[in-house]
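# Structural overview
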Amino acid sequence: MPHKVTTWLLVVILGCGNVSEVILAPALSSITEYFHVDQAASQALLSGFFIPMALFPLVYGTLSDRFGRRPPLLFGLAILALGGLLGAMTESFEILVLARVLQGLGNASVILIVVTIINDSYERSDAVRVLATISGIMMIVPAFSFAFGGLITDLISWKGIMIVIFLTGIISLVLSLIYLPETNLRPRQKFNLTSLTRDYQSLLTNRVYLAYMFVSTFIVGGWLTMLGFVPFEYHRMGVDSTEVGFWFMLAPIGHALGNFFTIRFVQRLSLERMILLGSMLSLMAISALMLSNLMSWNHPTSIGIPCMLFGFTSALAVNPSITSAVSAAGDLAGSASGLMRSAQMGFGVLGGAAVVSVGGYENFENGVIVLIGLALLATVASVFAKYFSSSALMT
């Protein structure tokens, strides 16, 4: 077993990734006004970020299995910082989209490598607690990212957000160079198309891995979809960018509380039951977003409270399903993390495209229907995960 990486370093690295992922959400309306583009065009800033995050974890995961965890992570942090610098300097919407592509390309390495490092260093049950602990602490970062993202936009401009992304990338890169040890002590010796195909074929035929992967995929995909169109509904209620950031804080606060609950009760409940419970409650929380229309409740709390509940309930399912999926993959931990992260980002992109196609940016309830569909799929996947896991234990 390799040396355990200090928790504070993993928190810093994950925090850097989450900053670049969520801090722009409160500024989307200001960016569309600055460049004189419509609201749906802001989806390009999200898709430009999430598409490389859907594609390149497959590459990073494979490279981390072959060459170790450090090289792809360090490369990703450098590209992330470069994307932040480019975004801060541009006066073109198209170049800003390119900057987001670079940020997504860099960030694609962050979460999957950290999850893989945890898997290298801990047994399955311990890994769940460690990831939940780190995620709970790390949720402070996106919570304040939402708030400061809106505040920076109102006080400076959206370019201040790009500078923050640049600085967090550089700081994480330097700290990783100094303090991050290599945890892949048994790198795979061969790296060719045949072995790569065989690895992913093995994962795609592993029913236990796929079931757990899809639980996390549909829930994370729903969260990423939410980031795109929900801020515009807040603005329609008369809320400015700073206040949007503070309302958005409720979701990661709820997620942090959910992680605390997971840490306390993961030993009392089986992982399969906790995942199923979290998925079912997440479906209920997302459905509560419809109450504002049904009850004519035109207040930010009609969005903020269900989002906070979704943050809490999703934590019960996401981290246990992620660690269970990686554990089920055995020696293919890096590739498994990469495939799972790709699927999560892919469904974030598909969810955003679905919201645009049904007019969710103009009609909030249409967008919520897409979120409900993703939450329902997560619940179905959690049922299969419980069944397949039980069957595997019996055999």
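To be clear, the structure that these remarks concern was listed above.
The structure presented is a predicted model; accordingly, all values stated were derived computationally and were not measured.

## Some words on the overall build of the protein chain
On a plain count of helices and strands, the protein chain comes out with 19 helices and 0 strands. In terms of overall dimensions, the protein chain is globule-like: its C-alpha atoms have a radius of gyration of 20 Å, near the 21 Å expected for 395 residues. Taken along its principal axes, the extent of the C-alpha atoms in the protein chain is 55 × 45 × 35 Å. Counting every position in the protein chain, which comprises 395 residues, the buried fraction comes to 61%. Long-range pairs, those at least 24 residues apart, make up 87% of the contacts in the protein chain with a sequence separation of at least 6. Summed over all atoms, the accessible surface of the protein chain reaches about 15400 Å², with 69% contributed by carbon and sulfur. Across the protein chain, the centroid of the 19 positively charged side chains sits 16 Å from that of the 19 negatively charged ones.

## Things to note about the packing of aromatic side chains
On inspection of all chains with the given rule, the structure shows 13 aromatic pairs. Between Phe 214 and Phe 218 the ring centres are 5.6 Å apart and the planes differ by 20 degrees, which places this aromatic pair in the stacked class. Residue Phe 214 and its partner Phe 218 are both found in helix α12 (residues 207–236); the two are separated by 4 residues, about one turn of the helix. Accessibility expressed as a relative area gives 29% for Phe 214, which makes it partly exposed. Following the ring pairs from residue to residue traces out a cluster consisting of Tyr 34, Phe 35, Phe 93 and Trp 158.

## Some points on helix α17 (residues 301–328)
Helix length check: α17 (28 residues) gives 40 Å between terminal C-alpha atoms against 40 Å at 1.5 Å per residue, within 8%. The sharpest bend along α17 measures roughly 35 degrees and falls at Ser 314. For α17, the buried fraction is high: 22 of the 28 residues fall into the buried class. Directly after α17, the chain includes Gly 330, whose backbone phi takes a positive value near 65 degrees.

## Some points on the pattern of salt bridges
In this structure the tally under the stated criterion is 2 salt bridges. Between Glu 91 and Lys 159 there is a salt bridge, with its nearest N and O atoms 2.4 Å apart. With Glu 91 in the loop between α5 (70–89) and α6 (93–107) and Lys 159 in helix α10 (residues 158–179), the pair connects residues that are 68 residues apart, well separated along the chain. Where Glu 233 meets Arg 236, a salt bridge forms, and the shortest distance between an N and an O atom there is 3.0 Å. Taken together, the residues Glu 233 and Arg 236, both in helix α12 and 3 residues apart, mark about one turn of the helix. Glu 233 gets classed as buried once you look at its relative accessible area, which sits at 13%. When its relative accessible area of 39% is taken as the criterion, Arg 236 is described as partly exposed.

## Section: the side chain of Gln 103
Structurally, the position occupied by Gln 103 is in helix α6. Beyond its immediate stretch of four places on either side in the chain, Gln 103 contacts Phe 49, Leu 80, Gly 83, Gly 84, Met 162 and Ile 165.

## A closer look at unusual backbone geometry
For His 36, which is not glycine, the phi dihedral falls at a positive 60 degrees. Positionally, His 36 belongs in the loop between α2 (28–35) and α3 (43–55). Taking the relative accessible area as the measure of exposure, His 36 reaches 73% and is therefore exposed.

## Focus: a nonpolar patch on the surface
A surface patch of nonpolar side chains, amounting to about 590 Å² of accessible area, comprises Trp 8, Ile 170, Val 174, Leu 177, Ile 178 and Tyr 179. When residues in the nonpolar patch are grouped by element, the largest group, 5 residues, is from α10. Following the sequence through the fold, Ile 178 ends up in helix α10.

## Things to note about the environment of Leu 175
Here Leu 175 lies in helix α10. Through-space distance from the C-alpha of Leu 175 to that of Ile 13 is 8.8 Å; in sequence the pair is 162 residues apart.

## A closer look at helix α4 (residues 57–67)
If you check which residues of α4 are buried, you get Pro 57, Tyr 60, Gly 61, Thr 62, Ser 64 and Asp 65. Two residues or fewer after α4 comes Gly 68, characterised by a positive phi angle close to 105 degrees.

## A few points about the nonpolar core
Of all hydrophobic cores here, the largest spans 117 residues; its most connected members are Ile 31 and Tyr 209. Considering each element in turn, this core owes the most residues, 18 residues, to α12. Discounting chain neighbours no more than four positions away, the residues touching Ile 31 are Leu 24, Leu 45, Phe 93, Leu 96 and Trp 158.

## Comments concerning the packing of α5 against α6
A pair of packed helices is captured by two measures, namely the crossing angle of their axes and the spacing between those axes. Where α5 contacts α6, the two axes come as close as 7 Å, and the packing angle between them is 165 degrees. Between α5 and α6, the crossing angle belongs to the class labelled roughly antiparallel. In this structure, α5 crosses over α6, and the sense of that crossing is left-handed. In this structure, α5 uses Gly 76, Leu 77, Ile 79, Leu 80, Gly 83, Gly 84, Leu 86 and Gly 87 to contact α6, whose residues at the interface are Ile 95, Leu 96, Leu 98, Ala 99, Leu 102, Gln 103, Leu 105, Gly 106 and Asn 107.

## Quick notes on the packing of helix α13 (residues 241–248) against helix α14 (residues 250–265)
Remark: α13 packs on α14, axes separated minimally by 4 Å, with the N-to-C direction vectors making an angle of 15 degrees. What the angle tells us is that α13 and α14 run roughly parallel. On α14, the residues that touch Phe 246, Trp 247 and Phe 248 of α13 are Leu 250, Ala 251 and Pro 252.

Rules behind the numbers
- What you see as residue numbers is a count from 1 along each chain, following the sequence as written.
- Totals for whole chains, interfaces and linings use all residues, but because this is a predicted model, local features are given only for residues with pLDDT of at least 70 and pairs of side-chain atoms are given and counted only at 80 or more.
- Note: side-chain values were computed over all heavy atoms of the structure, leaving out hydrogens and water.
- Think of it this way: any DSSP run of H or I at least four residues long counts as a helix, any run of E at least two long counts as a strand, and we number them from the N terminus.
- Based on C-alpha atoms, the radius of gyration is set beside the globule rule, defined as 2.2 Å times the residue count to the power 0.38.
- The rule is simple: take the accessible area with a 1.4 Å probe, protein chains only, and divide by the maximum for that residue type; under 20% is buried, over 50% is exposed, in between is partly exposed.
- The contact definition used throughout considers only heavy atoms, calling two residues in contact when any of these lie within 4.5 Å.
- Surface exposure here means Shrake-Rupley accessible area, sampled with a 1.4 Å probe, where a residue is shielded only by the protein chains that are shown.
- Counting rule applied: Lys, Arg positive; Asp, Glu negative; His and chain ends not counted.
- Charge coordinates come from a single atom per side chain, which is NZ of Lys, CZ of Arg, CG of Asp or CD of Glu.
- Stacked, tilted and edge-to-face pairs are distinguished by plane angle, under 30 degrees for stacked and over 60 for edge-to-face with tilted covering the rest, among Phe, Tyr and Trp rings (Trp via its six-membered ring) whose centres lie within 6.5 Å.
- In a helix, the anticipated span is given by 1.5 Å times the number of residues less one.
- Bend angle per residue: angle between axes fitted to the 7 residues ending at that residue and the 7 residues starting there.
- By convention in these notes, a salt bridge is any Lys or Arg side-chain nitrogen within 4 Å of a carboxyl oxygen on Asp or Glu.
- Patch membership requires over 30% relative accessible area and the absence of a salt bridge. Like charges are linked within 9 Å, and nonpolar side chains (Val, Leu, Ile, Met, Phe, Trp, Tyr) within 5 Å.
- Nine residue types can take part in a nonpolar core, namely buried Ala, Val, Leu, Ile, Met, Phe, Trp, Tyr and Cys, and a core is a set of them joined through side-chain atoms within 4.5 Å.
- Helix axes are fitted only over the stretch in contact, all axes being lines through C-alpha atoms; the angle between N-to-C directions runs from 0 to 180 degrees.
- Should an angle lie under 35 degrees it is considered roughly parallel, over 145 roughly antiparallel, and from 65 to 115 roughly perpendicular; all remaining angles are considered oblique.
- Take the far helix as your reference; a near helix turned counterclockwise from it by less than a right angle gives a left-handed crossing, and one turned clockwise gives a right-handed crossing.

It is worth stressing that arrangement in space is one thing and function is another; only the former is reported here.
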